[in-house]
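Residue-level structural notes
The lines below spell out each chain.
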Amino acid sequence: MRARVFVTLKPSVFDPQGTTVADALHTLGYAAVRNVRQGKYFELDIDAQTAEDARKLASEAADKLLANPVIESYRIEVGNA
Amino acid sequence: MRARVFVTLKPSVFDPQGTTVADALHTLGYAAVRNVRQGKYFELDIDAQTAEDARKLASEAADKLLANPVIESYRIEVGNA
Amino acid sequence: MKFAVVVFPGSNCDHDAYYAVEHVLGQEAAFVWHKDTSLGGADVVVLPGGFAHGDYLRTGAIARFSPIMQAVQAFADAGGPVLGICNGFQVLLEAGLLPGAMLRNRSVKFQCEHVFVRVEQTHTPFTMACRQGQVLRIPIAHGEGNYYAEPAVVERLEQNRQVVFRYTTAAGEVTDAANPNGSVHNIAGLCNERRNVVGLMPHPERACELAVGSADGLLLFDSVVRALTQGVLATAR
Amino acid sequence: MTAIEQAIAQHGLTREEYQRIVERLGREPTLTELGIFSVMWSEHCSYKSSRVHLRTLPTTGKRVLQGPGENAGAVDIGDGLAAVFKIESHNHPSFIEPYQGAATGVGGIIRDIFTMGARPIALLNSLRFGPLDDPLVRRTFAGVVAGIAGYGNSIGIPTVGGEIAFDESYTGNPLVNVFCLGIARADEIVRGVASGAGNAVYYVGAKTGRDGIHGATMASAEFDERSAEKRPAVQVGDPFMEKLLLEACLEVMKTGALVGIQDMGAAGLTCSTCEMGSRGGAGVEIDVSLVPQRESGMTPYEIMLSESQERMLLVVRQGREAEVERIFDKWDLHAVRIGTVTTDGRLRVRDHGSLMAEIPNAALTDEAPVYHRPMARPRYLDEAQQLSLAALGAPAPPKEVFLRLLASPGVASKRWVYRQYDHMVRTNTLVVPGMGAGVVRIKGTTRALALSLDGNGRFAYLDPFAGAQLAVAEAARNVACAGGQPIGATNCLNFGNPERAEIMWQFARAVEGMGAACRALEIPITGGNVSLYNETDGRAVLPTPVIGVVGLLEQAEHAVRRAFRTEGDAIVLLGEARAELGGSEYVKVMHGLVRGVPPVLDLAREAALQRVLIEGASSGVIRSAHDCAEGGLAVTLAECCFDTGLGADVRVPALEAAVADYADVAALFGESASRVVVAVSAERTAELLALAAREGVPAEVIGRVGGERIHLAVSGRTVVDERLADAERVWSSGIDRYFERQQAIA
Ligand SMILES: Nc1ncnc2c1ncn2[C@@H]1O[C@H](COP(=O)(O)OP(=O)(O)O)[C@@H](O)[C@H]1O
Ligand SMILES: [Mg+2]
């Protein structure tokens, strides 16, 4: 099974990286890009029987390691690798 | 419109961060995690009429800036913000 | 001899390169702002270390779009000597002036320490004052210096003798333990096919005086002065 | 509770304090005003518990250009230059979010330095954590180190030194103290003043968000309803923005168009406006609607209290505005005019023109409350000061103790940490971390500065007065070992809850001790920081005064490192030991105890020792020098051997201990103060001994440098005989071993 974990800064938390990328895109002429937020993306290949098991493991991993709950939140999608 | 861009290292490229995460997960007892790859995730808020326009802009941004074709590939999803 | 030191927002070894050229080497150095479009008649261009644009997206990714990079490209195309140090090397990779890309160090950490590099090629403007196989002690300071290129590209680099520096032991042996960051083939620095553009992760400008631990890096600057005075290189003014 | 009472409590004010606000204003405060008072009268900004004590510190001296009261202190280092430096704590934020907490701490102290017109050239840090076998502590530790590295490296300021210690008391409350030093022209120091009616007040830097607005300051029913979405967000540092600000501000300062400048640190816009006005005897009027905002719908209250990072407030001379704006534009920063300097000494805050707050600056600054809090000698002291060696049982063999101490994280190599810090950028670092006090040369002069941060929470716990004195002595001694003449100091006082009389007593005694030591050693204190309420579940951290000393070397090339350099050199011990194990690393590591009384310190002897070190460095007679601290003489000798790999053969001076079994332990691992191990060539040994004799400093040749072993004998008996390489491996992996498998994720 493959779990995909998206970790993003909470909306109220300042994202200097996203801001810098947005500035760069504006400089390159992409004025239509209003806002950019940058996050992390993990693909976990998991030995699991069911999607439920894989999701459970991935969310434990996210809680413990992949995301910092003080400033980040995460979302998980599970599918076949 | 919101375009979501996932940038990942190409499969042939060694991923030190993913490997470290996998090691750490194993240390924490998650033996079922076989492999981890770490990538980047961008949310672009784009002034665009159609999803097609938004996708086109996002993929230009990815080609030019967000991904480095030597080591990375990307995928785009478009939806409403 | 006039050295242009390009300053990107976030460059932070610009003063070090300037100091090495102006006060240790005794040549003329001038800062060139990244928004400028002219190199001001420089004979040598240095892209210094640092964190251009914070390195926020990828090292060097944003800097390559700076207006000055067109002038740097033209200067290189005309055969002018260009040295990219650390972040400057990363900018050259992103800009396509040198092949390949950088990954995170395999330690996944920033590393600052002295390392040994072996001079693999003396046939570049920045190594001609070195001995072939000479081992230099120079510091590194980077989090993303794990050089990568596709196997075919690495093959070609080796065949064309474009690998200029390799991480080795003090005795000059290429070992995995001597590789601080996981770079393919222990590559620490390379040049383009034309051999006038050189990039390396270690900081020669930090190794120009014994007082700060090593003067081995001065050889790179001595080299380019010699290359230009001997007319080995066409100046690209 | 009435609504008002609730608001008062939520703002962390007492009823009496509220009453003073009403009296001072002659009316009830508006909500915005209440918020402004609450942050300015908070412990952090007002120093209301500590001020009466800090006043007793020696802050003047012939080199002092700027004492406490500005963003940083400054001392004259000759050649028309000033060293501008300060230390700051970021303890609580670093516990909540280690990476960002530590990173923003570094960002804050760097701003304090360049705000003074100085280019920052060195960073140091002093860190305290719980024991590393706790995985949560490891995560905090790794995060803090990565955060410091991430910020400092990116800006390009070398981290040239620091110190780290571990104790259970810091598990739930780590200490993160960061120090920065910069160089300015002495006659071009810029101050945080607003003056000249009609001058423009500018805002530059990152946009303002709802970062760091403290939960306790959220008031009124209306606020509570929306408070969920307004939970105080952790501040995220943006070193790239700070680098731009640093370069742009230094460029602007050169034009002479600035009247004053201050960073927006704690209490943000509030603190910078009223402090600048107060210092300049002027008023400041701003309109918050002009403040660049990152989030929508921010209230004046939030804008005034936000602690978003990387923001500066500037007062620009009338007519020079365009010039200033142009420089910021060049750096892609947009300076925005948000207000004007007035004559009436008031802080006036408008929102789209309408008046939201109007407060005399003085009420917020000079007239903030000052407390003489009750003090009481802690009850734990009598018992804790009793160290019964007999009760500890027979000591372990010296060899075992030696290796255990070398492996203990407090003593072990800190390379795992400082390898992550760029310690060479700017090519000034003459003595790198791990080699003693950090030494940076001042380009364009012959001089260099030696920098050291020190503190010992165990000593301070057992006797706060002595602990603070020992910290001053150690920091100054480290600087002197490198050849630097101590010329100024800064301090960070990390204590528990000052409302507890026992904590307040610790604090007061520590300040007294620090003052006495600084007076005796003639080192003025030019500033510092106080961090109180370092407690978890009612248990305070060890009282931890941390001192940063700046030392001046007239000739940079005289800088001395700690490592032995030449085979055959004589090893000389300067100073004298007593049987002193109280509060030692030995008692902690081998017996898990913090007990006894700290070593005795004779300040006159300490001063004499430092004179010997400084003269010995400048005359070149001293080849290497290393002070005896945690782990005593045995550990010090080992550390002198590491790096160059030259061994040592040493006759350790014997001691008598109250319990005979402990004589060797005391001789090897006791932590008597004012001792330094130096190496000297055979030819110049007599010269060194004569120099020491002239200053009345005991000095004795105790051994020779050389070989591949570290061999220590007491009274002719071999007590330690180890292959240096083996000892070094144990020492090198003391911290690494906790991280071999588990790595932090950036
Ligand atoms: N422990 C201390 N010893 C001496 N001066 C101190 C101490 N703590 C704070 N100060 C001084 O008090 C003044 C107020 O500190 P301030 O800079 O407002 O604190 P912060 O930067 O934390 O807001 C500063 O000049 C500072 O140097
Ligand atoms: Mg301040």
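Residues numbered from 1 in each chain as written. Chains lettered and ligands numbered in written order. Predicted model: local features only at pLDDT ≥ 70, side-chain atom pairs only at ≥ 80, totals over all residues. Heavy atoms only, no water.

Residues and elements named next belong to chain D. If you walk across this open sheet you meet the 7 strands as β8-β10-β7-β11-β9-β12-β13, and the pairing is mixed. Of all strands in the sheet, those with a lone pairing partner are β8 (258–263) and β13 (354–360), marking the two edges. Between one strand and the next, the sheet's axes are offset by a mean angle of 20 degrees, whatever the strand orientation. Taken together, the 6 bridges between strand β12 (residues 346–351) and β13 define a ladder with antiparallel strand orientation. Bridging from a neighbouring strand, R348 pairs with E358 of β13. Relative to β8, helix α11 (residues 268–280) is tilted by about 145 degrees, and along the sheet it contacts β8, β9 (283–287), β10 (311–316), β11 (336–342) and β12. (Pairing = 2+ DSSP bridges. Helix = DSSP H or I, 4+ residues; strand = E, 2+ residues; numbered from the N terminus. Axes fitted to C-alpha atoms, helices over the stretch in contact; angles between N-to-C directions. Contact = heavy atoms within 4.5 Å.)

To continue, consider the pairing of strand β3 (residues 44–47) of chain C. Residue and element names in this part refer to chain C. Of the two faces of β3, both are covered, the one formed by V44 and V46 as well as the one formed by V45 and L47. Of the strand pairs in this sheet, strand β1 (residues 2–7) and β3 are connected by 3 bridges, and their pairing is parallel. For A4, the partnering residue across the bridge sits in β3 and is V45. Where β3 lies against strand β4 (residues 82–85), 3 bridges are found, and the strand directions are parallel. (Buried < 20%, exposed > 50% of the residue type's maximum accessible area, 1.4 Å probe, protein only.)

In a structure, side chains of opposite charge can pair up when their charged atoms sit close to one another. A complete count under the given rule lists 74 salt bridges over all chains for this structure. The shortest N-O distance in the salt bridge between R34(B) and D47(A) comes to 2.8 Å. Of this pair, R34(B) sits in strand β2 (residues 33–46) while D47(A) sits in the loop between β2 (33–46) and α2 (51–66), which puts the two residues in different chains. When the shortest N-O distance is used, the salt bridge between E17(D) and K48(D) registers 3.1 Å. With E17(D) in helix α2 (residues 15–25) and K48(D) in the loop between α4 (43–46) and α5 (51–54), this pair connects stretches of sequence that are 31 residues apart. Through salt bridges with shared partners, a single ionic network connects R4(A), R75(A), E77(A), R4(B), R75(B) and E77(B). (Salt bridge = Lys/Arg side-chain N within 4 Å of Asp/Glu carboxyl O.)

All names here are of chain D. Read across the sheet, 6 strands follow the order β1-β2-β3-β6-β4-β5 without closing on themselves; strand pairing throughout is mixed. Only two strands of the sheet have a single neighbouring strand rather than two, namely β1 (64–66) and β5 (159–166). Averaged over all adjacent pairs, the angle separating strand axes in this sheet is 25 degrees, with direction ignored.

Taken residue by residue, chain C gives an average pLDDT of 96. The fraction at 70 or more is 97%. Model confidence for the complex: the whole-complex pTM is 0.94, and ipTM, which rates the interface, is 0.92. (pLDDT = per-residue confidence, 0-100.)

With that settled, consider the packing of aromatic side chains. In total, this model carries 23 aromatic pairs over all chains according to the counting rule given. Geometrically, the ring pair formed by F129(D) and F166(D) is tilted, given 6.4 Å between the ring centres and 35 degrees between the ring planes. Of this pair, F129(D) sits in strand β4 (residues 119–129) while F166(D) is found in strand β5, placing the two residues 37 residues apart along the sequence. When sorted by exposure, F129(D) lands in the same class as F166(D), which is buried. Taken together, the ring pairs in this structure connect F129(D), F141(D), F166(D), W416(D) and F739(D) into an aromatic cluster. Note that R75(A) overlies the ring of F6(A), its terminal NZ or CZ placed 4.4 Å from the centroid. (Phe/Tyr/Trp six-rings, centres within 6.5 Å; stacked < 30°, edge-to-face > 60°. Lys NZ or Arg CZ within 6 Å of the ring centre and 35° of its normal.)

With that settled, consider the site of ligand 1. All names here are of chain D. Around ligand 1 sit 17 residues in total, of which G69, E88, N491, G528 and N529 are the nearest. Between ligand 1 and G69, the relevant distance is 2.5 Å, taken from an oxygen atom to a main-chain nitrogen or oxygen of the residue. At 2.9 Å from a nitrogen atom of ligand 1 is found a main-chain nitrogen or oxygen belonging to N529. If ligand 1 stood free it would expose 550 Å²; the protein chains cover 87% of that surface. Sorting the residues of the shell around ligand 1 by element identifies β3 (81–89), β17 (485–494) and β18 (525–531) as the ones contributing at least two each. (Near = heavy atom within 4 Å. Polar contact = N/O pair within 3.5 Å; in protein donor to acceptor, adjacent residues only side chain to side chain. Areas by Shrake-Rupley, 256 points an atom, 1.4 Å probe, with all protein chains shown as cover.)

The next subject is the interface of chain A and chain B. Accessible area lost during the coming together of the parts is what is often quoted as the interface size. If you look at the interface, chain A gives 32 residues, while chain B gives 32 residues. Buried area between chain A and chain B, summed over both chains or domains, comes out near 3100 Å², and the portion from carbon and sulfur atoms is 60%. There are 4 salt bridges connecting chain A and chain B. Here E77(B) ties to R4(A) by a salt bridge, and the two come within 3.9 Å at their closest N and O atoms. Joining chain A to chain B, the criterion identifies 15 residue pairs in polar contact (both at pLDDT 80 or more). Put simply, the parts of the chain that give the side of chain A that touches chain B at least two residues each are β1 (2–9), α1 (16–27), β2, α2 and β3 (72–79) of chain A. No other element matches the 14 residues that β2(A) contributes to the side of chain A that touches chain B. Of the residues that constitute the side of chain A that touches chain B, the class distribution is 17 nonpolar, 4 polar and 11 charged. Bridging between β2(A) and β2(B) involves 13 bridges; their strand directions are antiparallel. Considered in β2(B), the bridge of Y41(A) is made with G39(B). (Buried area = accessible area lost by both parts, 1.4 Å probe. Nonpolar A, V, L, I, M, F, W, Y, C, P; charged D, E, K, R; others polar.)

Next up on the list: empty space enclosed by the protein. Residues and elements named next belong to chain D. A full pass over the atoms with the stated rule returns 1 cavity of 30 Å³ or more. What the largest cavity holds in volume is close to 120 Å³. Among the elements that make up the lining of the largest cavity, the one with the highest residue count is helix α19 (residues 464–481) (3 residues). Classifying every residue of the lining of the largest cavity by side-chain character gives 5 nonpolar, 2 polar and 4 charged. (1 Å grid on protein atoms, 1.4 Å probe; cavity = no way out; pocket = protein on both sides within 12 Å on 5 of 7 lines; lining within 4 Å. Points joined across faces, edges and corners; volume = space filled by probe spheres on them.)

With that settled, the discussion passes to the side chain of H53(D). All names here are of chain D. Relative to the assigned elements, H53 resides in helix α5. Accessibility expressed as a relative area gives 12% for H53, which makes it buried. When near neighbours in sequence (up to four residues on either side) are disregarded, H53 contacts M375, M504, F507, A508 and V511.

This brings us to the interface of chain B and chain C. On the chain C side, the residues contacting the 18 residues of chain B number 18 residues. Carbon and sulfur atoms supply 64% of the area that chain B and chain C bury against each other, a total of about 1400 Å² over both sides. Here chain B and chain C share 2 salt bridges between them. Linking K10(B) and E150(C) is a salt bridge whose minimum nitrogen-to-oxygen distance equals 3.9 Å. Between chain B and chain C we count 5 residue pairs in polar contact (both at pLDDT 80 or more) in total. Of all the elements in the fold, those that place two or more residues in the side of chain B that touches chain C are α1 (16–27), β2 and α2 (51–66) of chain B. Residue composition of the side of chain B that touches chain C, by class: 10 nonpolar, 4 polar and 4 charged.

Moving on, we come to the pairing of β9(D). All names here are of chain D. Taken across its 5 residues, β9 has 4 buried, putting it largely inside the fold. Note: β9 against β12, 4 bridges, orientation parallel. Bridged to D287 within β12 is R350.

This paragraph deals with the packing of helix α3 (residues 31–40) of chain D against α11(D). The angle between the axes and the distance between the axes are what describe a pair of packed helices. All names here are of chain D. Following both chains from N to C, one finds α3 and α11 inclined at 80 degrees, their axes separated by 10 Å at the closest point. Accordingly, the angle class assigned to the pair α3 and α11 is roughly perpendicular. Here I36, V39 and M40 of α3 lie close against α11, whose contacting residues are T270, C271, C274 and E275. (Parallel < 35°, antiparallel > 145°, perpendicular 65-115°, else oblique.)

Now for the relation of the copies chain A and chain B. Aligned on chain B, chain A shows an RMSD of 0.2 Å; the corresponding rotation is 180 degrees and the shift along the axis is 0.0 Å. Both copies of the chain, as the preceding transformation shows, are related through a two-fold rotation axis. In terms of C-alpha distance to the rotation axis, chain A has K40(A) as its closest residue, with the C-alpha 2.4 Å off the axis. A shared interface surface links the copies, since 100% of the contact residues of chain A are contact residues in chain B too. (Least-squares fit on C-alpha atoms with pLDDT ≥ 70 in both.)

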